[in-house]
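Summary of structural features
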Amino acid sequence: MIQGTPPILQLNPWQQSLAQSVTDPAVLLQQLDLPKSLLPAARQAAKLFGLKVPLPYLSRIQKGNLNDPLLHQVLPLGDEFIHVDGFNHDPVGDHDAMQSPGLLHKYHGRALILATGACGIHCRYCFRRHFNYAEANPAKQQWKQALSHLREDDSIQEVILSGGDPLSLSDSRLAELVSELEKIKHIKRLRIHTRLPVVLPERITSNLCQLLSNTRLTTIMVLHINHAQEIDKSVKNICHQLKNTGTQLLNQSVLLAGVNNSVKSLRDLSESLINCGVIPYYLHQLDRVAGATHFEVSDQEARQILQTLNSQLSGYMVPKLVREIAGENSKSAL
Ligand SMILES: *Cc1c(COP(=O)(O)O)cnc(C)c1O
Ligand code: SF4
């Protein structure tokens, strides 16, 4: 090392790729051949919740198409300033449900760790877009308090890593956490809720696959894919790699106006998921978070779409239509 040079934190290749994500609305518009007239509103809305699009995801967006279902999920719009009664900053009561910093234990038998505040992509409809991750970040205390809650409650058999996106953590940080969880006898299952395999497939490293293969815990990964166009060859490949680790793959989607609120779109999604070995698990009604009013689909429309899907697809290809209601002891079926 040259004298006086501070040690450089070595980033993994996937971390370097993630660091190249588009975060400037002007660059997004230019890369996708979209009109410059969208820029002022995009800049304003990006102040509410920053723009972030990794390049592999960007490459799946059709240039020049303002109605692209992937674009709609990431492009900041003036619509985010619309106020509608009932849309607020903590729609699912996370703040009240927090037992210790970063640990949510709402439902019997499973508890959720907010392992990190960072995400691989910023989805405009995200129900945690206003969440105070700085306050809730358990990584700060090395997950100590969350782990001691888990140790003390032997009714908890399943730990869910969520966030943010837990796969934003490095493989070594994840390995540390998993090894702490493995030491707790009553914990049998590890579930990872993540969108990173979809938006940045190279995140699925061989180290991560080894971790999933070798743990004594039963592993489940819940992906977050909203549209068939999000699934390309690279996503399909990593799904197969993940399956080879013995991990059960499920998917949850959010029902989003202008993205996937049609029978065709959801049928295509289910077919693509099954072709990748992923079972459609939940279709969520939007959590009513401030800034996302323009994504809402009425319950009536949602039920109608689901009814038609049920008449067209094998039972296992139809996700459960649910909503999260603060204070309930599970997700609520519609
Ligand atoms: C959604 C959620 C779960 C998982 O619920 P399942 O129905 O088991 O998928 C667990 N804990 C919290 C806090 C949740 O919000
Ligand atoms: S990846 Fe998940 S947590 Fe992150 S912004 Fe998107 S919806 Fe929210």
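Residues numbered from 1 in each chain as written. Chains lettered and ligands numbered in written order. Predicted model: local features only at pLDDT ≥ 70, side-chain atom pairs only at ≥ 80, totals over all residues. Heavy atoms only, no water.

**What to know about the domain arrangement of the protein chain**
- Looking at the protein chain, the domain boundaries give domain 1 (13-81) and domain 2 (94-333).
- Of note, the centres of domain 1 and domain 2, computed from C-alpha atoms alone, are 23 Å apart.
- Counting residues at the interface gives 29 residues for domain 1 and 36 residues for domain 2.
- Of the roughly 2600 Å² buried at the junction of domain 1 and domain 2 (both faces included), carbon and sulfur atoms supply 57%.
- Here domain 1 is connected to domain 2 by 3 salt bridges. (Domains from an automatic or database assignment. Contact = heavy atoms within 4.5 Å. Buried area = accessible area lost by both parts, 1.4 Å probe. Salt bridge = Lys/Arg side-chain N within 4 Å of Asp/Glu carboxyl O.)

**Section: the state of the cysteines**
- In the structure shown here, the tally under the stated rule is 0 disulfides.
- Looking at Cys-239, it has no disulfide partner, and the nearest cysteine sulfur is the one in Cys-276, 4.7 Å off.
- Exposure remark for Cys-239: the relative accessible area of 1% places this residue in the buried category.
- For Cys-276, a relative accessible area of 2% translates into the label buried. (Disulfide = S-S within 2.5 Å. Buried < 20%, exposed > 50% of the residue type's maximum accessible area, 1.4 Å probe, protein only.)

**Topic: the side chain of Ser-170**
- Position of Ser-170 relative to the elements: it lies in the loop between strand S4 (158-162) and helix H9 (171-182).
- In this structure Ser-170 comes out as buried when scored by relative accessible area, which is 17%.
- Contacts of Ser-170, omitting those with residues within four sequence positions, involve Trp-14, Gln-15 and Arg-203. (Helix = DSSP H or I, 4+ residues; strand = E, 2+ residues; numbered from the N terminus.)

**Details of unusual backbone geometry**
- Residues Gly-163 and Gly-164 are joined by a peptide bond in cis, for which omega reads 10°.
- Of note, Gly-164 is situated in the loop between S4 and H9.

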